[in-house]
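Here is how the chains run, residue by residue.
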Amino acid sequence: MSQHPDFAHCATALVKVTAEKAFTFLADPLSLGTWSLGCMRTQAPQPGGPYTGFSLYNDSQVWFDIEPHKELLLIDYLVGTVGKFKPRISVRIVAAETCDLGDAQCYVSLLAWRPAQMTQDRWNQLCDAHDAEIWLIKARLEGPKALGESSI
């Protein structure tokens with residue numbers, strides 16, 4: 001297990017899709033359930049949120065909402081208790097032209113901020129999960145099923 005004494009954590013991947021495709025996938029609350037270890041099998045109990053999913057660790061139910069900011073290529077994931085959500089996790093997508101990447105490439109960064117009351121063990125778990133999740137995001141974005149393409 002890793003030690004993460006920091007107050008924030010960032011995991012980034014170079015992804016071989018356009019920033020627009022990455023944004024569309026990551027702003028979809030139901031797609032979160034295909035890559036977020038803490039929020040699998042996401043569901044929309046009512047249109048427009050909030051949304052729910054289940055932790056892969058202990059199958060506990062979690063609630064969240066999403067605030068997409070398309071003009072910034074930024075997605076805030078609001079987590080916590082329904083009615084008291086806080087934007088503690090975000091995804092930032094960096095378009096190809098910003099960093100001179102190839103046309104169908106972008107950077108995807110998964111960011112988290114540590115609440116003061118979070119234990120070191122829980123923080124380590126969250127950071128390690130994000131290190132794995134960035135690989136899952138990359139695989140989902142680059143794989144044929146994520147973008148509606150045929151694998152044939």
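Conventions and cut-offs
Residues numbered from 1 in each chain as written. Predicted model: local features only at pLDDT ≥ 70, side-chain atom pairs only at ≥ 80, totals over all residues. Heavy atoms only, no water. Helix = DSSP H or I, 4+ residues; strand = E, 2+ residues; numbered from the N terminus. Contact = heavy atoms within 4.5 Å. Core = buried A, V, L, I, M, F, W, Y, C linked by side-chain atoms within 4.5 Å. Buried < 20%, exposed > 50% of the residue type's maximum accessible area, 1.4 Å probe, protein only. Pairing = 2+ DSSP bridges. Phe/Tyr/Trp six-rings, centres within 6.5 Å; stacked < 30°, edge-to-face > 60°. Salt bridge = Lys/Arg side-chain N within 4 Å of Asp/Glu carboxyl O. 1 Å grid on protein atoms, 1.4 Å probe; cavity = no way out; pocket = protein on both sides within 12 Å on 5 of 7 lines; lining within 4 Å. Points joined across faces, edges and corners; volume = space filled by probe spheres on them. Nonpolar A, V, L, I, M, F, W, Y, C, P; charged D, E, K, R; others polar. Disulfide = S-S within 2.5 Å.

Help me understand the side chain of His130, please; the structure alone is not making it clear to me.
With respect to the helices and strands, the residue His130 is situated in helix α2 (residues 120–142). Once residues within four sequence positions are removed from consideration, His130 is found in contact with His9, Ala11, Ile89, Leu110, Leu111 and Ala112.

For this particular structure, what's the right way to read the nonpolar core?
General note: in soluble globular proteins, nonpolar side chains tend to be found buried as a group. With 35 residues, the main nonpolar core has Leu26, Ile75, Tyr77, Ile93 and Val108 as its most contacted residues. Going through the elements one at a time, β1 (8–15), α1 (19–26), β4 (61–69), β5 (74–79), β6 (86–95), β7 (106–113) and α2 are the ones with two or more residues in this core. The greatest single-element share of this core, amounting to 6 residues, is contributed by α2. Discounting residues that sit within four places of it in the chain, Val108 has contacts with Ala11, Thr12, Ala13, Val15, Ala22, Leu26, Val91, Arg92, Ile93, Ile134, Ile137 and Leu141.

I keep staring at the environment of Lys86 and nothing clicks. Help me out?
Relative to the assigned elements, Lys86 resides in strand β6. Lys86 sits 80 residues away from Asp6 along the chain, and the two C-alpha atoms are 19 Å apart. Once you skip the residues sitting within four places of it in the chain, Lys86 turns out to touch Tyr77, Leu78 and Val79.

Looking at this model, I keep getting lost on the pairing of β1. Mind explaining?
For a regular strand, side-chain orientation follows a simple rule: the groups alternate between the two sheet faces. The side-chain alternation of β1 yields one buried face, formed by His9, Ala11, Ala13 and Val15, and one unburied face, formed by Ala8, Cys10, Thr12 and Leu14. Where β1 meets β7, 8 bridges bridge the pair, whose relative direction is antiparallel. Note on β7: the bridge partner recorded for Leu14 is Tyr107.

Just to check I follow, could you spell out the packing of aromatic side chains for this structure?
How two aromatic rings sit relative to each other is set out by the distance from centre to centre and by the angle between their planes. Here the structure, examined in full by the defined rule, presents 2 aromatic pairs. Relative to Tyr77, the ring of Trp35 lies with its centre 6.1 Å away and its plane at 75 degrees, an arrangement referred to as edge-to-face. With Trp35 in the loop between α1 and β2 (40–43) and Tyr77 in strand β5, the pair connects residues that are 42 residues apart, well separated along the chain. When its relative accessible area of 2% is taken as the criterion, Trp35 is described as buried. Overall, Tyr77 belongs to the buried group, its relative accessible area being 4%.

Explanation requested: the pattern of salt bridges in the structure shown.
Here the idea is simple: oppositely charged side chains can pair when their charged atoms come close. This structure, assessed with the given rule, holds 2 salt bridges. Taking the shortest distance from any N to any O, the salt bridge between Asp59 and Arg41 comes out at 3.0 Å. Placement of the pair is Asp59 in the loop between β3 (51–54) and β4 and Arg41 in strand β2, with a sequence separation of 18 residues. In this structure, Glu142 and Lys138 form a salt bridge, with 2.8 Å as the shortest nitrogen-oxygen distance. Taken together, the residues Glu142 and Lys138, both in helix α2 and 4 residues apart, mark about one turn of the helix.

What's the story with the layout of surface pockets in this structure? I'm lost.
Summary: where empty space remains is shown by rolling a probe the size of a single water molecule over the atoms. The computed volume of the largest pocket comes to approximately 730 Å³. Looking at the largest pocket, it is lined by 30 residues, and the ones nearest its centre are Val79, Arg88, Ile89, Arg122 and Leu126. Breaking the lining of the largest pocket down by element, the ones donating at least two residues are β4, β5, β6 and α2. Top contributing element to the lining of the largest pocket by residue count: α2, with 6 residues. In the lining of the largest pocket, the residues fall into 14 nonpolar, 11 polar and 5 charged.

What am I meant to see in the state of the cysteines here?
In a disulfide, the sulfur atoms of two cysteines are covalently bonded to one another. Evaluation of the coordinates by the stated rule reveals 0 disulfides. We note that Cys10 lacks a disulfide partner, and the nearest cysteine sulfur, in Cys127, lies 11 Å from it. Under the relative-accessibility criterion, Cys10 is labelled partly exposed at 42%. Here Cys39 is not cross-linked by a disulfide; its sulfur's nearest cysteine counterpart is in Cys127, at 18 Å.

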